[in-house]
Amino acid sequence: MNEKDVPQDDSTTYQGQKKLIYAVDETGHYQGVKSSGWEVESFATQMAVDDLQEQTQEALTQAQRGEVSPLAYHMLRLRFDISSLSQTTGFFQWQIKRHLTPKIFNKLPESKLNNYCDVMKLTLVELTSLPEQ
Amino acid sequence: MTDIILDIDHQQSSHCESGVISTLLRSKGLNISEPMAFGLSSALTFVYLPMVKIGGLPLIAYRMPPKAIIKAVCKKLKVDLHSQTFSNQTKGMQALDNELAKGNLVGLQTSVYWLPYFPEDMRFHFNAHNLVVYGKTDKGNYLISDPVFEHLVECPAEDLQRARFAKGALAAKGRMYVVRSVPTDIDLTPHIYSSVNKTAKMMNGLLLPFFGNKGIHFLAKKIRSLSKTKPKYQKLFLGNIVRMQEEIGTGGAGFRFMFASFLDESAKLTKNDDLQAAAKEATAVGDHWREFAMDAVLFCKKRKDLSLDNVAEKLESCATHEKSLRSTLLSIKG
């Protein structure tokens, strides 16, 4: 890629930051060039972020209806999934799946809830509650 | 307590690991650029692991696994790197303060998610982000040279501790490293040729179908078979490839441009025209990857009459070009 072809698309996902891209200058040699974003890349990022937000929103609605536990919402909101939450908390994936149901979650002892709180940087109250409707 | 602020020559880098080792070596007077560190460690590769899922999407990487760059560079150049991990968080933070007090720049492995200075959309649970700490304020905030950022940043102690000791895949366990000494008078020439050769040999892939050229063809095959899945999954799958290739600090085209830059710099150093020609070819390979990313996104947007087969074909042409780059690299003799 030539220096002049380095995209400067002011991507919103960069939030005003710039990235370094290596490109060929007029003398035919490589230089580090700052880029304010590439439309192609930010489209891919946005797609992933939107998908996550959609899932989070859905979990919130379900949690408010009492179909899933608040953990399901907080997990997605904080960009965890069952596998990464399992790796960080030490619970098995099947345990976490159980904890996603309100019936089981509501009966969890504080020691287990604290485990989630530590990993997700939440207080007990935050973990067990949902944002106001 | 007063501020500790050590001298640092912060240069923005594309990738965290090559950037950090370049910063640490330069601070000791060994002038190794980011592309040179990347090239010398023979970190360029391609990996597609369909069975390893991250957020429901397969793992795709364009370089060797984390820690490989720092390890390889230090081993090759006989740099004395002191690296340690901690089971006790308080001791881990104390050790960092001790090194700073001694006047040493400290490299840390951290989780991107818990670093508050990262843009919201780029925060995800990835535990192998590298950065350099160059000081601490009297309020207890750490001063950080994060290689992928334009400017120097600051981070509260509590957040940095959380980022260092985040658990999970690739957990850092508080890993910190300090360059103790670097050799003087290094001749890079033999290292350049050996690492170019090693990169070329790896480009074909291993016995398994997940790596190098074979991996690219394997991924192309998978893209063709996506026609049986839901449109939403097709989009997320292709978007994931583009993100791994462009978004997460690769210097463009999944490290291909950084590698070309390494060849370019090596050609200047060794005055070898073959390396210069190879740099040009590597640039063309990178351009192909960028075109592939564009096609993949165009497919997601449904703007052009592109089919999954077209996208897969573009990817296969990347593989063809890499194959010819491989034979060029193998023919280079020092």
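Residues numbered from 1 in each chain as written. Chains lettered and ligands numbered in written order. Predicted model: local features only at pLDDT ≥ 70, side-chain atom pairs only at ≥ 80, totals over all residues. Heavy atoms only, no water.

Section: the packing of aromatic side chains
Geometry of an aromatic ring pair is reported as the spacing of the ring centres plus the angle between the planes. One pass over the full model with this rule turns up 17 aromatic pairs over all chains. Centroid distance Tyr233(B) to Phe237(B): 6.0 Å. Interplanar angle 50°. Geometry classified as tilted. You can see Tyr233(B) and its partner Phe237(B) sitting in helix α8 (residues 231-247), four residues apart, about one turn around the helix. Residue classification places Tyr233(B) among the partly exposed positions, given a relative accessible area of 27%. Aromatic pair Phe259(B) and Phe262(B): ring centres 5.8 Å apart, planes at 40°, arrangement tilted. Here Phe259(B) pairs with Phe262(B), and both are found in helix α9 (residues 256-270), just three residues apart, close to one helical turn. Each of the two residues, Phe259(B) as well as Phe262(B), counts as buried. An aromatic cluster is built from Phe46(B), Tyr62(B), Trp289(B) and Phe292(B), whose rings are joined through pairwise contacts. Geometry around Phe43(A) places Lys301(B) over its ring, the cationic atom sitting 4.9 Å from the centre. (Phe/Tyr/Trp six-rings, centres within 6.5 Å; stacked < 30°, edge-to-face > 60°. Helix = DSSP H or I, 4+ residues; strand = E, 2+ residues; numbered from the N terminus. Buried < 20%, exposed > 50% of the residue type's maximum accessible area, 1.4 Å probe, protein only. Lys NZ or Arg CZ within 6 Å of the ring centre and 35° of its normal.)

What about the interface of chain A and chain B?
Contact residues are listed per partner, giving 40 residues for chain A and 49 residues for chain B. Counting each side, the surface lost to burial between chain A and chain B is near 3,900 Å², with a carbon and sulfur contribution of 56%. The largest contributions to the chain A side of the interface with chain B come from Tyr22(A), Tyr30(A) and Arg79(A), which together make up 18% of the buried area. Counting every contact that joins chain A to chain B gives five salt bridges. Ionic pairing is found between Lys121(A) and Asp159(B), a salt bridge with its closest N-O pair at 3.2 Å. Linking chain A with chain B are 17 residue pairs in polar contact (both at pLDDT 80 or more). No other element matches helix α1 (residues 39-64) of chain A, which puts 12 residues into the side of chain A that touches chain B. When grouped by side-chain class, the residues that make up the side of chain A that touches chain B number 19 nonpolar, nine polar and 12 charged. (Contact = heavy atoms within 4.5 Å. Buried area = accessible area lost by both parts, 1.4 Å probe. Salt bridge = Lys/Arg side-chain N within 4 Å of Asp/Glu carboxyl O. Polar contact = N/O pair within 3.5 Å; in protein donor to acceptor, adjacent residues only side chain to side chain. Nonpolar A, V, L, I, M, F, W, Y, C, P; charged D, E, K, R; others polar.)

Regarding the state of the cysteines
Evaluated as defined, the whole model comprises zero disulfides over all chains. Here Cys318(B) stays free of any disulfide, with the sulfur of Cys300(B) as its closest cysteine sulfur at 16 Å. (Disulfide = S-S within 2.5 Å.)

Digging into the pattern of salt bridges
Following the criterion strictly, the structure yields 19 salt bridges over all chains and no others. The salt bridge involving Lys34(A) is made with Glu150(B); its shortest N-O contact spans 4.0 Å. Taken together, the residues span two chains, with Lys34(A) in strand β2 (residues 30-35) and Glu150(B) in the loop between β7 (142-145) and β8 (153-155). Exposure remark for Lys34(A): the relative accessible area of 36% places this residue in the partly exposed category. With a relative accessible area of 19%, Glu150(B) lands in the buried category. When the shortest N-O distance is used, the salt bridge between Glu54(A) and Lys232(B) registers 3.3 Å. Linking Glu54(A) in helix α1 with Lys232(B) in helix α8, this pair reaches from one chain into another.

Comments concerning the nonpolar core
The biggest cluster of nonpolar side chains holds 143 residues, and the ones touching the most others in it are Met120(A), Leu160(B), Ile223(B), Leu263(B), Trp289(B) and Leu329(B). Tallying contributions element by element places helix α10 (residues 273-301) of chain B first for this core, with 12 residues. Setting aside chain neighbours within four positions, we find Leu329(B) in contact with Val196(B), Ala200(B), Met203(B), Phe259(B), Leu263(B) and Ala278(B). (Core = buried A, V, L, I, M, F, W, Y, C linked by side-chain atoms within 4.5 Å.)

Structural notes on the packing of α1(A) against helix α2 (residues 70-77) of chain A
Residue and element names in this part refer to chain A. Running from N to C, α1 and α2 point in directions that differ by 165°, and their axes come no closer than 8 Å. In terms of orientation, α1 lies roughly antiparallel with respect to α2. Relative to α2, the crossing made by α1 is left-handed. Counted together, Leu-52, Gln-55, Thr-56, Ala-59 and Leu-60 of α1 and Ala-72, Tyr-73, Leu-76 and Arg-77 of α2 form the full contact between these two elements. (Axes fitted to C-alpha atoms, helices over the stretch in contact; angles between N-to-C directions. Parallel < 35°, antiparallel > 145°, perpendicular 65-115°, else oblique. Left-handed = near helix turned anticlockwise from the far one by under 90°.)

A short note on the packing of helix α6 (residues 189-202) of chain B against helix α11 (residues 308-331) of chain B
All names here are of chain B. Here α6 crosses α11 at 145°, and the two axes come no closer than 9 Å. Crossing of α6 over α11 shows left-handed handedness. In contact with Val-196, Asn-197, Ala-200 and Lys-201 of α6, α11 contributes Arg-326, Leu-329 and Leu-330. Tallied by class, residues from the contact of α6 with α11 come to four nonpolar, one polar and two charged.

Description of the layout of surface pockets
The volume enclosed by the second largest pocket comes to roughly 380 Å³. As for the second largest pocket, its lining consists of 20 residues, and the residues nearest its centre are Tyr22(A), Gln11(B), Ser33(B), Glu34(B) and Pro35(B). Of all the elements in the fold, those that place two or more residues in the lining of the second largest pocket are β1 (19-24) and β2 of chain A together with α1 (16-27), α2 (34-40) and α9 of chain B. With four residues, the top contributor of residues to the lining of the second largest pocket is α9(B). Its residues assigned to classes, the lining of the second largest pocket comprises six nonpolar, nine polar and five charged. (1 Å grid on protein atoms, 1.4 Å probe; cavity = no way out; pocket = protein on both sides within 12 Å on 5 of 7 lines; lining within 4 Å. Points joined across faces, edges and corners; volume = space filled by probe spheres on them.)

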